[in-house]
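# Reading the structure
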Amino acid sequence: MSARFSRVVVTGAGGGIGAAMARRFAADGARVVVNDLDAAAAQRVAAEIGGLAVPGDAASEADVRRLVDTAWAELGGCDLFCANAGILTAGSADAPDAAWDTAWQVNVMSHVYAARALLPRWLDGEGGRLLVTVSAAGLLTLLGSAPYSVTKHAALGFAEWLRATYAHRGITVQALCPQGVNTAMMTGDGQSASKTLLAAGALEPEDVAETVVKALAGDSFLILPHPEVAEFYQRRATDPDRWLGGMNKIQRGFDAAAAS
Ligand SMILES: NC(=O)c1ccc[n+]([C@@H]2O[C@H](COP(=O)([O-])OP(=O)(O)OC[C@H]3O[C@@H](n4cnc5c(N)ncnc54)[C@H](O)[C@@H]3O)[C@@H](O)[C@H]2O)c1
(Lines give C-alpha, C1' and ligand atoms only; values in the text may rest on other atoms or scores of the structure.)
Protein backbone atom coordinates (compact mmCIF):
# COMPACT_ATOMS: atom_id res chain seq x y z
CA MET A 1 0.00 0.00 0.00
CA SER A 2 1.17 3.47 -0.74
CA ALA A 3 2.77 5.36 2.15
CA ARG A 4 0.10 8.02 1.77
CA PHE A 5 -2.26 5.64 3.59
CA SER A 6 -0.24 5.42 6.77
CA ARG A 7 -3.05 6.48 9.12
CA VAL A 8 -6.07 4.25 8.71
CA VAL A 9 -9.37 3.74 10.51
CA VAL A 10 -11.47 0.61 9.92
CA THR A 11 -14.96 0.20 11.37
CA GLY A 12 -16.29 -3.28 12.08
CA ALA A 13 -12.68 -4.45 12.21
CA GLY A 14 -13.12 -6.91 15.05
CA GLY A 15 -13.79 -9.70 12.55
CA GLY A 16 -14.40 -10.63 8.94
CA ILE A 17 -13.47 -8.30 6.08
CA GLY A 18 -12.68 -5.38 8.41
CA ALA A 19 -10.18 -7.41 10.45
CA ALA A 20 -8.56 -8.74 7.27
CA MET A 21 -8.17 -5.19 5.92
CA ALA A 22 -6.79 -3.95 9.26
CA ARG A 23 -4.22 -6.77 9.32
CA ARG A 24 -3.25 -6.14 5.70
CA PHE A 25 -2.83 -2.37 6.18
CA ALA A 26 -0.79 -2.92 9.36
CA ALA A 27 1.44 -5.43 7.57
CA ASP A 28 2.20 -2.66 5.08
CA GLY A 29 3.25 -0.37 7.91
CA ALA A 30 0.10 1.67 8.49
CA ARG A 31 -1.03 2.70 11.94
CA VAL A 32 -4.54 1.36 12.25
CA VAL A 33 -7.43 2.37 14.48
CA VAL A 34 -9.60 -0.71 15.02
CA ASN A 35 -13.27 0.01 15.68
CA ASP A 36 -15.96 -2.54 16.48
CA LEU A 37 -19.18 -2.73 18.42
CA ASP A 38 -17.68 -5.80 20.06
CA ALA A 39 -15.04 -4.21 22.32
CA ALA A 40 -13.20 -7.46 23.04
CA ALA A 41 -12.94 -8.25 19.33
CA ALA A 42 -11.61 -4.75 18.57
CA GLN A 43 -9.04 -5.07 21.35
CA ARG A 44 -7.96 -8.52 20.16
CA VAL A 45 -7.32 -7.38 16.58
CA ALA A 46 -5.65 -4.14 17.72
CA ALA A 47 -3.31 -6.04 20.06
CA GLU A 48 -2.42 -8.47 17.27
CA ILE A 49 -1.45 -5.75 14.80
CA GLY A 50 -0.08 -3.10 17.15
CA GLY A 51 -3.06 -0.89 16.41
CA LEU A 52 -5.34 1.20 18.56
CA ALA A 53 -8.72 -0.18 19.63
CA VAL A 54 -11.58 2.29 19.71
CA PRO A 55 -14.71 0.25 20.43
CA GLY A 56 -18.00 1.88 19.54
CA ASP A 57 -21.09 1.85 17.39
CA ALA A 58 -20.50 2.94 13.79
CA ALA A 59 -24.20 3.77 13.65
CA SER A 60 -23.95 6.29 16.51
CA GLU A 61 -22.96 9.79 15.46
CA ALA A 62 -21.34 10.47 18.85
CA ASP A 63 -19.25 7.30 18.63
CA VAL A 64 -18.14 8.09 15.06
CA ARG A 65 -17.11 11.61 16.10
CA ARG A 66 -15.13 10.13 18.98
CA LEU A 67 -13.50 7.67 16.58
CA VAL A 68 -12.46 10.41 14.17
CA ASP A 69 -11.31 12.70 17.00
CA THR A 70 -9.16 9.84 18.34
CA ALA A 71 -7.55 9.30 14.93
CA TRP A 72 -6.58 12.97 14.79
CA ALA A 73 -5.41 13.00 18.43
CA GLU A 74 -3.42 9.75 18.30
CA LEU A 75 -2.32 9.45 14.66
CA GLY A 76 -2.31 13.12 13.69
CA GLY A 77 -5.02 12.55 11.10
CA CYS A 78 -6.54 9.88 8.88
CA ASP A 79 -5.62 9.28 5.23
CA LEU A 80 -7.97 6.37 4.74
CA PHE A 81 -11.26 5.72 6.53
CA CYS A 82 -12.82 2.33 5.84
CA ALA A 83 -16.54 2.55 6.63
CA ASN A 84 -16.92 -1.19 6.72
CA ALA A 85 -19.33 -2.10 9.52
CA GLY A 86 -22.55 -3.57 8.19
CA ILE A 87 -25.22 -6.09 9.09
CA LEU A 88 -27.12 -8.64 7.07
CA THR A 89 -30.84 -8.32 7.79
CA ALA A 90 -32.82 -11.10 6.17
CA GLY A 91 -36.55 -10.97 5.51
CA SER A 92 -39.12 -9.48 3.18
CA ALA A 93 -41.34 -6.41 3.42
CA ASP A 94 -42.68 -8.15 6.54
CA ALA A 95 -39.42 -7.78 8.45
CA PRO A 96 -40.22 -5.79 11.62
CA ASP A 97 -39.83 -2.01 11.46
CA ALA A 98 -37.11 -2.30 14.10
CA ALA A 99 -35.09 -4.55 11.78
CA TRP A 100 -35.50 -2.10 8.88
CA ASP A 101 -34.47 0.78 11.15
CA THR A 102 -31.36 -0.99 12.40
CA ALA A 103 -30.34 -1.96 8.86
CA TRP A 104 -30.79 1.69 7.80
CA GLN A 105 -28.74 2.98 10.74
CA VAL A 106 -25.85 0.56 10.38
CA ASN A 107 -25.71 0.17 6.59
CA VAL A 108 -26.45 3.79 5.60
CA MET A 109 -26.32 6.34 8.42
CA SER A 110 -22.92 5.06 9.59
CA HIS A 111 -21.54 6.37 6.29
CA VAL A 112 -23.36 9.67 6.63
CA TYR A 113 -21.94 10.11 10.15
CA ALA A 114 -18.44 9.23 8.92
CA ALA A 115 -18.72 11.80 6.11
CA ARG A 116 -19.99 14.48 8.53
CA ALA A 117 -17.05 13.94 10.86
CA LEU A 118 -14.37 13.57 8.18
CA LEU A 119 -15.24 16.04 5.43
CA PRO A 120 -14.63 19.30 7.32
CA ARG A 121 -11.19 18.08 8.38
CA TRP A 122 -10.28 16.64 4.99
CA LEU A 123 -11.54 19.66 3.04
CA ASP A 124 -9.59 22.01 5.31
CA GLY A 125 -6.50 19.85 5.23
CA GLU A 126 -4.81 17.40 2.91
CA GLY A 127 -7.89 15.56 1.66
CA GLY A 128 -8.50 11.89 2.26
CA ARG A 129 -9.96 8.66 1.05
CA LEU A 130 -13.22 7.03 2.10
CA LEU A 131 -13.66 3.35 1.35
CA VAL A 132 -17.28 2.33 1.82
CA THR A 133 -17.93 -1.40 2.15
CA VAL A 134 -21.18 -1.79 0.24
CA SER A 135 -21.89 -5.19 -1.34
CA ALA A 136 -22.80 -6.60 -4.72
CA ALA A 137 -26.31 -6.41 -3.21
CA GLY A 138 -26.02 -2.63 -3.60
CA LEU A 139 -25.41 -2.98 -7.34
CA LEU A 140 -27.74 -5.92 -7.96
CA THR A 141 -29.96 -7.34 -5.21
CA LEU A 142 -29.83 -10.15 -2.66
CA LEU A 143 -32.79 -12.52 -2.74
CA GLY A 144 -34.16 -13.27 0.73
CA SER A 145 -32.93 -10.02 2.27
CA ALA A 146 -35.01 -6.97 1.40
CA PRO A 147 -33.68 -4.67 4.18
CA TYR A 148 -30.09 -5.56 3.27
CA SER A 149 -30.61 -5.03 -0.49
CA VAL A 150 -32.40 -1.72 -0.04
CA THR A 151 -29.97 -0.27 2.47
CA LYS A 152 -26.94 -1.37 0.45
CA HIS A 153 -28.42 0.38 -2.62
CA ALA A 154 -28.72 3.49 -0.46
CA ALA A 155 -25.13 3.10 0.75
CA LEU A 156 -23.96 2.94 -2.85
CA GLY A 157 -26.10 5.96 -3.70
CA PHE A 158 -24.50 7.97 -0.92
CA ALA A 159 -20.99 6.90 -1.93
CA GLU A 160 -21.73 7.92 -5.55
CA TRP A 161 -23.05 11.26 -4.40
CA LEU A 162 -19.96 11.93 -2.29
CA ARG A 163 -17.62 10.97 -5.12
CA ALA A 164 -19.43 13.18 -7.63
CA THR A 165 -19.55 16.11 -5.22
CA TYR A 166 -16.04 16.13 -3.78
CA ALA A 167 -13.75 14.43 -6.33
CA HIS A 168 -12.20 17.77 -7.35
CA ARG A 169 -11.57 18.76 -3.72
CA GLY A 170 -9.10 16.11 -2.66
CA ILE A 171 -11.64 13.53 -1.50
CA THR A 172 -11.61 10.11 -3.13
CA VAL A 173 -14.52 7.78 -2.46
CA GLN A 174 -14.48 4.12 -3.43
CA ALA A 175 -17.16 1.45 -3.01
CA LEU A 176 -16.19 -2.13 -2.19
CA CYS A 177 -18.85 -4.47 -3.58
CA PRO A 178 -18.10 -8.15 -2.97
CA GLN A 179 -20.49 -11.05 -3.38
CA GLY A 180 -20.08 -13.83 -0.80
CA VAL A 181 -17.16 -13.70 1.62
CA ASN A 182 -16.47 -16.40 4.22
CA THR A 183 -17.11 -14.44 7.40
CA ALA A 184 -19.43 -14.71 10.39
CA MET A 185 -22.02 -12.79 8.37
CA MET A 186 -22.28 -15.64 5.90
CA THR A 187 -21.58 -18.60 8.13
CA GLY A 188 -23.31 -17.44 11.34
CA ASP A 189 -26.49 -18.79 12.90
CA GLY A 190 -29.41 -19.73 10.71
CA GLN A 191 -29.70 -20.61 7.05
CA SER A 192 -31.44 -18.52 4.42
CA ALA A 193 -31.69 -18.16 0.67
CA SER A 194 -29.35 -15.17 1.00
CA LYS A 195 -26.65 -17.23 2.70
CA THR A 196 -26.99 -19.98 0.10
CA LEU A 197 -26.48 -17.40 -2.65
CA LEU A 198 -23.51 -15.81 -0.86
CA ALA A 199 -21.84 -19.19 -0.33
CA ALA A 200 -21.56 -19.80 -4.09
CA GLY A 201 -18.11 -18.64 -5.15
CA ALA A 202 -17.34 -17.13 -1.75
CA LEU A 203 -13.92 -15.58 -1.25
CA GLU A 204 -11.84 -15.45 1.90
CA PRO A 205 -11.67 -12.07 3.68
CA GLU A 206 -7.90 -12.00 3.04
CA ASP A 207 -8.59 -12.19 -0.73
CA VAL A 208 -10.88 -9.19 -0.43
CA ALA A 209 -8.24 -7.26 1.55
CA GLU A 210 -5.71 -8.02 -1.18
CA THR A 211 -8.07 -6.70 -3.87
CA VAL A 212 -8.65 -3.57 -1.79
CA VAL A 213 -4.93 -2.87 -1.45
CA LYS A 214 -4.51 -3.12 -5.23
CA ALA A 215 -7.53 -0.88 -5.82
CA LEU A 216 -6.20 1.76 -3.41
CA ALA A 217 -3.27 2.23 -5.77
CA GLY A 218 -5.82 3.63 -8.24
CA ASP A 219 -9.01 5.61 -7.95
CA SER A 220 -11.66 3.35 -9.53
CA PHE A 221 -14.98 3.94 -7.84
CA LEU A 222 -16.13 0.32 -7.86
CA ILE A 223 -13.94 -2.33 -6.26
CA LEU A 224 -15.18 -5.75 -7.35
CA PRO A 225 -13.40 -8.71 -5.73
CA HIS A 226 -15.72 -10.98 -7.76
CA PRO A 227 -15.07 -9.73 -11.32
CA GLU A 228 -18.28 -11.32 -12.67
CA VAL A 229 -20.26 -8.70 -10.75
CA ALA A 230 -19.25 -6.13 -13.40
CA GLU A 231 -20.95 -8.25 -16.05
CA PHE A 232 -24.10 -8.79 -13.95
CA TYR A 233 -24.28 -5.05 -13.29
CA GLN A 234 -24.00 -4.33 -16.99
CA ARG A 235 -26.71 -6.86 -17.86
CA ARG A 236 -29.01 -5.37 -15.24
CA ALA A 237 -28.52 -1.89 -16.73
CA THR A 238 -28.88 -2.85 -20.38
CA ASP A 239 -31.84 -5.25 -20.06
CA PRO A 240 -33.48 -4.90 -16.64
CA ASP A 241 -36.53 -7.02 -17.55
CA ARG A 242 -34.42 -9.96 -18.66
CA TRP A 243 -32.18 -9.60 -15.65
CA LEU A 244 -35.14 -9.51 -13.25
CA GLY A 245 -36.61 -12.55 -15.02
CA GLY A 246 -33.39 -14.42 -14.29
CA MET A 247 -33.44 -13.37 -10.64
CA ASN A 248 -37.07 -14.45 -10.32
CA LYS A 249 -36.18 -17.83 -11.78
CA ILE A 250 -33.66 -18.30 -8.97
CA GLN A 251 -36.33 -17.27 -6.44
CA ARG A 252 -38.76 -19.82 -7.91
CA GLY A 253 -36.07 -22.46 -7.38
CA PHE A 254 -35.88 -21.50 -3.69
CA ASP A 255 -39.70 -21.53 -3.41
CA ALA A 256 -39.88 -25.00 -4.97
CA ALA A 257 -37.15 -26.34 -2.67
CA ALA A 258 -38.95 -24.90 0.38
CA ALA A 259 -42.26 -26.46 -0.70
CA SER A 260 -40.82 -29.95 -1.28
N1 LIG B 1 -19.58 -11.58 4.14
C2 LIG B 1 -20.16 -11.31 2.99
O3 LIG B 1 -20.56 -12.21 2.24
C4 LIG B 1 -20.28 -9.87 2.51
C5 LIG B 1 -20.57 -9.64 1.15
C6 LIG B 1 -20.70 -8.33 0.70
C7 LIG B 1 -20.54 -7.27 1.58
N8 LIG B 1 -20.27 -7.52 2.88
C9 LIG B 1 -20.15 -6.36 3.76
O10 LIG B 1 -18.87 -6.37 4.35
C11 LIG B 1 -18.92 -5.66 5.60
C12 LIG B 1 -18.26 -6.50 6.65
O13 LIG B 1 -18.98 -7.70 6.75
P14 LIG B 1 -18.33 -9.08 7.22
O15 LIG B 1 -18.74 -10.12 6.24
O16 LIG B 1 -16.91 -8.91 7.56
O17 LIG B 1 -19.23 -9.30 8.53
P18 LIG B 1 -18.86 -9.84 9.98
O19 LIG B 1 -20.18 -9.99 10.63
O20 LIG B 1 -17.94 -11.01 9.88
O21 LIG B 1 -18.03 -8.63 10.61
C22 LIG B 1 -18.64 -7.40 10.83
C23 LIG B 1 -18.04 -6.77 12.04
O24 LIG B 1 -18.71 -5.50 12.21
C25 LIG B 1 -19.05 -5.37 13.57
N26 LIG B 1 -20.22 -4.49 13.66
C27 LIG B 1 -21.51 -4.78 13.40
N28 LIG B 1 -22.28 -3.70 13.60
C29 LIG B 1 -21.44 -2.71 14.00
C30 LIG B 1 -21.64 -1.36 14.38
N31 LIG B 1 -22.85 -0.82 14.39
N32 LIG B 1 -20.55 -0.63 14.71
C33 LIG B 1 -19.32 -1.17 14.73
N34 LIG B 1 -19.07 -2.45 14.40
C35 LIG B 1 -20.13 -3.21 14.04
C36 LIG B 1 -19.32 -6.79 14.08
O37 LIG B 1 -19.19 -6.88 15.49
C38 LIG B 1 -18.26 -7.59 13.31
O39 LIG B 1 -17.04 -7.68 14.05
C40 LIG B 1 -20.40 -5.37 5.85
O41 LIG B 1 -20.69 -4.04 5.49
C42 LIG B 1 -21.11 -6.33 4.93
O43 LIG B 1 -22.39 -5.89 4.56
C44 LIG B 1 -20.12 -8.79 3.37
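Check the entry above for the structure.
Residues numbered from 1 in each chain as written. Predicted model: local features only at pLDDT ≥ 70, side-chain atom pairs only at ≥ 80, totals over all residues. Heavy atoms only, no water.

All right, on to the layout of surface pockets then. It is the rolling of a water-molecule-sized probe over the atoms that shows where space remains empty. Its volume calculated, the largest pocket comes out at about 720 Å³. Along the walls of the largest pocket sit 31 residues, with Asn84, Ala85, Gly86, Ile87 and Met185 positioned nearest its centre. Looking at the lining of the largest pocket, the elements that each hand over two or more residues are α1 (16–27), α5 (146–166) and α6 (184–187). In terms of residue class, the lining of the largest pocket is made up of 15 nonpolar, 13 polar and three charged. Of the voids in this model, the second largest pocket is the one considered here, and its volume is about 430 Å³. Forming the boundary of the second largest pocket are 19 residues, of which Leu140, Gln179, Phe232, Met247 and Ile250 lie nearest the centre. Every element with two or more residues in the lining of the second largest pocket is listed here: α7 (193–199), α9 (228–238) and α10 (240–259). Looking at the lining of the second largest pocket element by element, the count peaks at four residues for α10. (1 Å grid on protein atoms, 1.4 Å probe; cavity = no way out; pocket = protein on both sides within 12 Å on 5 of 7 lines; lining within 4 Å. Points joined across faces, edges and corners; volume = space filled by probe spheres on them. Helix = DSSP H or I, 4+ residues; strand = E, 2+ residues; numbered from the N terminus. Nonpolar A, V, L, I, M, F, W, Y, C, P; charged D, E, K, R; others polar.)

This part covers the packing of aromatic side chains. Each aromatic ring pair is described using two quantities: the centre-to-centre distance and the angle formed by the ring planes. In the structure shown here, the tally under the stated rule is two aromatic pairs. Ring geometry for Phe158 and Trp161: centres 6.4 Å apart, planes at 5°, overall stacked. Placement of the pair is Phe158 and Trp161 together in helix α5, with a separation of three residues, close to one helical turn. Ring centres of Trp161 and Tyr166 lie 6.1 Å apart, and the angle between their planes is 80°; this geometry places the pair in the edge-to-face category. We classify Trp161 as partly exposed; its relative accessible area is 47%. Ring pairs connect the aromatic residues Phe158, Trp161 and Tyr166, which therefore count as one cluster. Sitting over the ring of Trp72, Arg121 keeps its end group 4.9 Å from the ring centre. (Phe/Tyr/Trp six-rings, centres within 6.5 Å; stacked < 30°, edge-to-face > 60°. Buried < 20%, exposed > 50% of the residue type's maximum accessible area, 1.4 Å probe, protein only. Lys NZ or Arg CZ within 6 Å of the ring centre and 35° of its normal.)

Scope: geometric values only; no functional claims are made or implied.
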